[in-house]
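# Coordinates in review
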Amino acid sequence: AALAVSTLLLALHTQRTSNVKADTRRVFNDFFRVVDLDNNSSCACSARVLQAYALFEMKNGNQVFSLMLMKRAVDMDERLKPVLEWWQFREARSKSASYSLRFQPRPYRQSHLNSNT
């Protein structure tokens, strides 16, 4: 819990004092290098850090990545589920759905497989 609180405070401080978004991302990534989310799936503290990271990414325009982070946080702590109903996350869900429809693999036609034709 102490590491989670320290991470949240440092991330907030970094957001306010640094013009470089990578600095704040590094704070979150350092936390997740130390904390194994797969083995700490029930830790509400880790879920809160994940939520903060999701909100940071949403604020910086990375909606689909933010949605993925927030879904993982909700998997860890169901009490965070109402955040997924915020308009930003509803919009991210619709973008995510449209991306998955656009980027589905297309079947190859036989003519593309034979370079002699």
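Just so we're clear, the structure is a prediction, and the values are computed from it rather than from any experiment. (Residues numbered from 1 in each chain as written. Predicted model: local features only at pLDDT ≥ 70, side-chain atom pairs only at ≥ 80, totals over all residues. Heavy atoms only, no water.)

### As for the overall build of the chain
- For the chain, the helix and strand inventory stands at 6 helices and 0 strands.
- For the chain, the α and β elements follow one another from N to C terminus as α-α-α-α-α-α.
- Expressed as a percentage of the 117 residues in the chain, the buried residues total 31%.
- Once local pairs closer than 6 in sequence are excluded, the contacts in the chain between residues at least 24 apart make up 54%.
- Element-wise, carbon and sulfur atoms account for 54% of the exposed surface of the chain, whose accessible area totals about 8,000 Å². (Helix = DSSP H or I, 4+ residues; strand = E, 2+ residues; numbered from the N terminus. Buried < 20%, exposed > 50% of the residue type's maximum accessible area, 1.4 Å probe, protein only. Contact = heavy atoms within 4.5 Å. Areas by Shrake-Rupley, 256 points an atom, 1.4 Å probe, with all protein chains shown as cover.)

### Some points on the packing of aromatic side chains
- Inspection of every chain in the model, using the stated rule, returns 6 aromatic pairs.
- Summarising the aromatic geometry, the rings of Phe 31 and Phe 32 are spaced 4.9 Å apart at their centres and angled 85 degrees between planes, so their arrangement reads as edge-to-face. Side by side, Phe 31 and Phe 32 carry an identical accessibility label, which is buried.
- With 6.4 Å between their ring centres and 25 degrees between their planes, Phe 32 and Tyr 53 make a pair best called stacked. With Phe 32 in helix H2 (residues 21-34) and Tyr 53 in helix H3 (residues 44-59), the pair connects residues that are 21 residues apart, well separated along the chain.
- Looking at Phe 32, the relative accessible area reads 17%, which means it is buried.
- Of the residues examined, Tyr 53 reaches a relative accessible area of 5% and is grouped as buried.
- A network of ring pairs unites the aromatic residues Phe 28, Phe 31, Phe 32, Tyr 53, Phe 56 and Phe 65 as a single cluster. (Phe/Tyr/Trp six-rings, centres within 6.5 Å; stacked < 30°, edge-to-face > 60°.)

### Notes on the confidence of the model for the chain
- Model confidence for the chain is summarised by a mean pLDDT of 82, while 78% of its residues fall at 70 or above.
- A low-confidence stretch, residues 106-113 stays under pLDDT 50, and its non-local contacts, those more than four residues away or across chains, total 2 contacts. (pLDDT = per-residue confidence, 0-100.)

### Observations concerning the packing of helix H1 (residues 2-17) against H3
- It is the contact of H1 with H3, at a shortest axis distance of 9 Å, that shows an interaxial angle of 15 degrees. In this view, H1 runs roughly parallel relative to H3, as classed from their interaxial angle. Here H1 runs over H3; the crossing is left-handed. Each of Ala 4, Thr 7, Leu 8 and Gln 15 in H1 lies in contact with H3, whose residues at this interface are Cys 45, Arg 48, Val 49, Ala 52, Phe 56 and Lys 59.
- Split by residue class, the contact of H1 with H3 holds 6 nonpolar, 2 polar and 2 charged. (Axes fitted to C-alpha atoms, helices over the stretch in contact; angles between N-to-C directions. Parallel < 35°, antiparallel > 145°, perpendicular 65-115°, else oblique. Left-handed = near helix turned anticlockwise from the far one by under 90°. Nonpolar A, V, L, I, M, F, W, Y, C, P; charged D, E, K, R; others polar.)

### Some details on helix H4 (residues 63-76)
- Its 14 residues place the ends of H4 20 Å apart at the C-alpha level, agreeing with the 20 Å of an ideal helix rising 1.5 Å per residue.
- Every buried residue belonging to H4 is among Gln 63, Ser 66, Leu 67, Leu 69, Met 70, Ala 73, Val 74 and Met 76, and all of these are buried. (Expected span 1.5 Å × (residues − 1).)

### Notes on the pattern of salt bridges
- Evaluated as defined, the whole model comprises 4 salt bridges.
- For the salt bridge of Asp 23 with Arg 26, the shortest nitrogen-to-oxygen distance reads 3.2 Å. Linking Asp 23 with Arg 26, this pair stays in helix H2, spanning 3 residues, or about one helical turn.
- For Asp 23, a relative accessible area of 24% translates into the label partly exposed. (Salt bridge = Lys/Arg side-chain N within 4 Å of Asp/Glu carboxyl O.)

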